[in-house]
Amino acid sequence: AFSPLSPLPPDALLGLMTAFREDDRAEKFDLGVGVYKDDQGNTPVMSAVAKAEALMLQRQTTKVYEGPRGNVDFCNAIEDFVFGVDAPVRKEGRTLSFTAPGGCGALSLGVGLMRRLGVKKVWVSDPTWPNHPKVVQSAGLTTDSYRYADPDTGTADRAGMLEDLAKAERGDGVIVQGPCHNPTGIDLTLDDWRAVGAFVKERGLIVMLDVAYHGFAHGLDKDIAGVRAFIDAAGEALISYSCSKNFGLYRERAGCFLAVGETADGIAAATTHVADISRATWSMPPAHGAGIVATILGDAALRAEWEAELTSMRERMISLRQALSGELVQRTGSNLLASLTTQNGMFSQLPVTPEGAKALREESGLYMPGSGRINIAGLNLKDIPRVAEIIATAL
Ligand code: PLP
Ligand code: TYF
């Protein structure tokens, strides 16, 4: 029965994780897979998460299904984050939200909804997270890409982006990443967000904003300002939101799919379609991760504890960026590497080729994917001079 299948190549990032583990050299550095790490290279359970789980264990009385939207308190808390606590669009019935298995589950609901809206092609940034084209293509839609990063300045290329999106047809889909773009760390400015929002409204494009690193750039409020500016300008958006990174809930699969529309009737109809897609895919969303988030955000003390830990994670990444950038600029004299400090979140992309990345791995034990993306959180202040020395010789 299985003879029609030939094996697919392994996922590059997951392969890199295994190779790192099996490397028995004394000196090695893991800048590969995108998970947050502390100074010791660990990814611990956040303290507010552990406390919320203990509370949940005490309080739980049943494991019965929660319903098609999953945890409604969770959905409302993520609506608070994305649209704002007092956003008029919510009172007007122009928003929807569903619990989903991780940000990826939310992306897949969004692509499913795009398909029902008649979308045939979805535009993704060049480069982007490889799962974006994968989710789109496995829903039977095609992908195309728009320019996003300006390689000469290390900042967003708004003109290039809009020039490429001008080739899109009315009714095409677009995925735009929220704060902390994966893999470049390059984010749109507030002004860019407004311009892109106005552009897609005029062109009739259907946009999904992918928010996977809320709080990792500048803070919870500042990080969502671009998304809100986009919604103000565009009037409509689909949004996928992941709690994997900012709550450290990776394996629990905590995500939320949201949408905002011009009319309450449109959103009411869309709600039935999202419920229908969800039912056909996982029937009911998982409860535990969303329950943790709802417990934390519903409790002032836990919320403050979570925000403080998130702040310290963000500040750690910012100080690592500054240190690495400083060392690299000093060693190479390249101004491009100064732009590492203007980039956000866990990732930046170094100007190395796939062969260069392979050589760094084999010769120096420095692990990064062929794209040249580095996970800043995988660094450590004391290793930075050595890591910078290795990288500088390769550039
Ligand atoms: N979108 C982007 C850009 C990501 O980098 C990630 C994960 O790391 C996700 C979405 C969603 O991740 P998850 O499905 O683990 O929540
Ligand atoms: O980009 C990353 O490294 C993270 C983690 O199939 C990840 O988003 C990587 C690959 C994958 C799923 C998650």
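Residues numbered from 1 in each chain as written. Chains lettered and ligands numbered in written order. Predicted model: local features only at pLDDT ≥ 70, side-chain atom pairs only at ≥ 80, totals over all residues.

**A few points about the sheet that holds strand β10 (residues 254–260)**
Logical step 1: Across the sheet, seven strands lie side by side as β2-β10-β9-β8-β7-β3-β4; this open sheet has mixed pairing. Only two strands of the sheet have a single partner each, and these edge strands are β2 (95–101) and β4 (142–147). Averaged over neighbouring strand pairs, the angle between their axes works out to 25° when direction is ignored.
Logical step 2: Two elements, strand β8 (residues 206–211) and strand β9 (residues 237–242), share four bridges in a ladder whose sense is parallel. Each residue of the ladder has a partner; that of L209, found in β9, is I239.
Logical step 3: The strands touched by helix α3 (residues 72–83) are β2, β9 and β10; relative to β2, the strand with the most contacts, the crossing angle is about 120°.
Logical step 4: Contacts from helix α5 (residues 102–116) reach β2, β3 (121–126), β7 (173–177), β8, β9 and β10 within the one sheet, and its direction differs from that of β9 by about 160°. (Pairing = 2+ DSSP bridges. Helix = DSSP H or I, 4+ residues; strand = E, 2+ residues; numbered from the N terminus. Axes fitted to C-alpha atoms, helices over the stretch in contact; angles between N-to-C directions. Contact = placed C-beta atoms within 7 Å.)

**Considerations on the site of ligand 2**
Logical step 1: Near ligand 2, the surroundings consist of D11, L13, V33, G34, W129, N131 and N182.
Logical step 2: Residues belonging to the shell around ligand 2 are distributed by class as follows: three nonpolar, three polar and one charged. (Near = placed C-beta within 6 Å. Nonpolar A, V, L, I, M, F, W, Y, C, P; charged D, E, K, R; others polar.)

**As for helix α14 (residues 384–394)**
Logical step 1: Those residues of α14 lying buried are V387, A388 and I391. The buried residues of α14 occupy one face: seen down the axis, they fall within an arc of 100°.
Logical step 2: On its buried side, α14 packs onto β1 (29–30), α12 (300–332) and β12 (366–367). (Buried ≥ 20, exposed ≤ 12 C-beta atoms within 10 Å, placed from the backbone. Arc of directions from axis to C-beta.)

**Here's the deal with the site of ligand 1**
Logical step 1: Lining the immediate environment of ligand 1, one finds 13 residues, of which G102, G103, C104, S242 and S244 sit closest.
Logical step 2: The element that contributes the greatest number of residues to the shell around ligand 1 is α5, accounting for three residues.
Logical step 3: For the shell around ligand 1, the per-class residue count stands at four nonpolar, eight polar and one charged.

**A look at the UniProt feature "domain: Aminotransferase class I/classII large" (unreviewed entry) in the protein**
Logical step 1: Following the UniProt record, one finds the feature "domain: Aminotransferase class I/classII large" (unreviewed entry) at residues 27–391.
Logical step 2: When the span residues 27–391 is considered, its composition is 46% helix and 16% strand, and the gap between its end C-alpha atoms is 14 Å. (UniProt positions renumbered as here; feature names shortened; annotations may be inferred.)

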